[in-house]
Each structure stands twice: as C-alpha cells, then as structure tokens.
Amino acid sequence: MLTDSYKIFFAPVQGYTDRIYRMLHDNLIGGVDGYFSPFLRLTGNGAIRNKDKRDIDQATCKVDLVPQVIGGKADNVKIMLDYLLSVGHTRVDINLGCPFPMIVNRGEGAGMLKNLVVSDNPGFKELMSLIASYPMLEVSLKMRLGWEVADESLRLLPVINDTPLKSVTMHARLGIMGYKGECDWEGFGRFYEGCGHKLVYNGDILSIADYENVIMRFPNLEGVMIGRGLLANPTLAAEIRSDNITREEKSRLLKTFHDGLLELYAKQLHGEHQILIKMKSLWDYFLPDTDKKLLKKIKKSTRLDSYIAVTDEIFLL
C-alpha cells in the first residue's frame, strides 16, 4: 500500500470536528498527520468568538492542530492572524473554499472566487500580500478549482506561486457545486501541474481504494485531506496506514469511539436534550451503511436510554 510517503490530514467540518472529537480520535484511533480546526469567525463587533478561542486552545487541545480562518477581507483576516500569534500558534490555514451561501454572500470562503469572476476583485491579491507580511507564520490555503469553471483557479496561480505558502489544499469541486456532483480530476490535474507549492488533494476519499487512486494518479502530492470519509469511517486513515486492522478490531474501535464521545459530551453539555442533539448529529455522517430503520430510531430518540439502546444494537450487528 502507498502509505509512507504521503500525509493524511483530517479536514475541518463545522459542527462535527470540534476539540473533543479531534482529541478522542487522535488518542484512540489515529492514523492522521494533522487536524485542521473549523474556521474561526468574527462577531459583529470584530472580535473572535470565545467558542472558537476555546476550540483551538493549545493548553487543552493536545493534537497536531492547524487553526483555520475564513478567507475574506484582509483587515478581518489580520485580526485573526494577530490573535493566533498572540496565543502561540505558528501554523494557520486560510479557507477559500467554503461554499455555504451565507459565507459566499459576504465575499468570504469560496465567495472570493465568485467575486473574482464577477468583478476581477482585488481582494485576493490583498489577502496574499497580507500573508507575505507574516513570515513568522506558516500559512496554507484551502480552496476550490473555481466558482463556476475549473480553470478559474489557474488565473490565481501566478499570485499563489509568488506567495510564501507552506502548502495548498485543493478541493476538486467548484464552489457552486457545494458538496454534490463528481470531483473534477482533470481540472485538479491542470492545477497540480502548475502549482509551485506542496499540494494536498481533497474530495470524496471514502475508502482505501479512493486514496490509492488519487496517489497513483498524482504521485507528487504532499498528501490528502479527508473530511466526510473520516466522519463516516473514523478508522479510515488508520486502515490506510495498516492492513492489520481486523473487522472485529474495527467494530470495537468504532464502538469505543462512539461511547467515548457520548461520555465526553455529557460532561461538557448541560442536560439530556443537548447531549442527544449533539450525538444524534454525529449520525449525519457516521456509519452511513447502518440499517435505515435503526438510523430512524436514532433520529426519533427523545431520551438518552433509548438512544443508547439503539446504538448498542447497531454495534452488535
């Protein structure tokens, strides 16, 4: 298996890969070379949310963590870079790929690509100039092939290549696609050929075969970033790293991971209702091949004891 030369990063997924999730995954399962946090956000008065500060607190988040900030106006990004430096972070990832309409409509995330198409917005160059003014930080970009056309990202390559970056992670979809439709390997290939930085592939790696197909097609990658694939199967990276994980061991790990999350969230959250909401949301991605009748029972659970009874039944199957 092609495993030793390539890195595997756990992509940030807002609402799912929080501090508790990352720490338990790292301690119990592993196989990941680094975790990226969901992006920091500013409040209406220009301050970083306290919730986001807690999520990336190095004193309590003992994993190889790269904080992520949402790419947008250079002034806003500067606030977040200054904060990260002040609390001792030396790595940061700037998200230029988030396709959610609320983010895009503010000209942030993939909205920077949309605005570039609409009006040749100079905001991208301003952001890259800001990055160049922070040599004390190792900065990476996470982006998409374009907003409506894959080759839109190629227009940005001269500026990207001239900017001191640690790496670029490219999600092989368009912003307008969200997370639907097929990844564009040909579009990714054109960016791959022109990118002067270390490049990480992101998009629809759901199995060992998916991982190997990407690595074989693009052998000069630094590695891959996996989000939904790891949420669906938290042992995926560990399985890629080792072919010695038996079906029984995998089942045991997944149950222990699930039960560990339940225990940790129960200590953090207040009341049965909040705990249930958090744990039920896990199944938006987790173990998608689970019997639909059992998944329906999870969604209908109104008490923790009924929720636990259903999940115990799932792990016994």
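Residues numbered from 1 in each chain as written. Predicted model: local features only at pLDDT ≥ 70, side-chain atom pairs only at ≥ 80, totals over all residues. Heavy atoms only, no water.

1. Here's the deal with the pattern of salt bridges
Close approach of charged atoms allows side chains with opposite charge to pair.
Thinking step 1. One pass over the full model with this rule turns up 18 salt bridges.
Thinking step 2. Arg228 is paired through a salt bridge with Asp204; the nearest N and O atoms lie 3.2 Å apart. With Arg228 in helix 10 (residues 228–232) and Asp204 in the loop between strand 8 (199–202) and helix 9 (208–217), the pair connects residues that are 24 residues apart, well separated along the chain.
Thinking step 3. Judged by its relative accessible area of 27%, Arg228 falls in the partly exposed class.
Thinking step 4. A salt bridge links Lys255 to Asp312; its shortest N-O distance comes to 3.6 Å. Placement of the pair is Lys255 in helix 12 (residues 247–268) and Asp312 in helix 15 (residues 304–316), with a sequence separation of 57 residues.
Thinking step 5. Residues participating in the shared-partner salt-bridge network are Arg91, Glu138 and Lys166. (Salt bridge = Lys/Arg side-chain N within 4 Å of Asp/Glu carboxyl O. Helix = DSSP H or I, 4+ residues; strand = E, 2+ residues; numbered from the N terminus. Buried < 20%, exposed > 50% of the residue type's maximum accessible area, 1.4 Å probe, protein only.)

2. Re the sheet that holds strand 4 (residues 68–70)
Thinking step 1. If you walk across this open sheet you meet the 9 strands as 3-2-1-9-8-7-6-5-4, and the pairing is parallel. Since the sheet does not close on itself, it has two edges, and those belong to strand 3 (65–66) and strand 4, each with one partner.
Thinking step 2. Here strand 2 (residues 34–36) pairs with strand 3 via 2 bridges, running parallel. Bridge assignment links Phe36 to a residue of strand 3, and that residue is Val66.
Thinking step 3. Relative to strand 5 (residues 91–96), helix 6 (residues 123–132) is tilted by about 175°, and along the sheet it contacts strand 5 and strand 6 (138–146). (Pairing = 2+ DSSP bridges. Contact = heavy atoms within 4.5 Å. Axes fitted to C-alpha atoms, helices over the stretch in contact; angles between N-to-C directions.)

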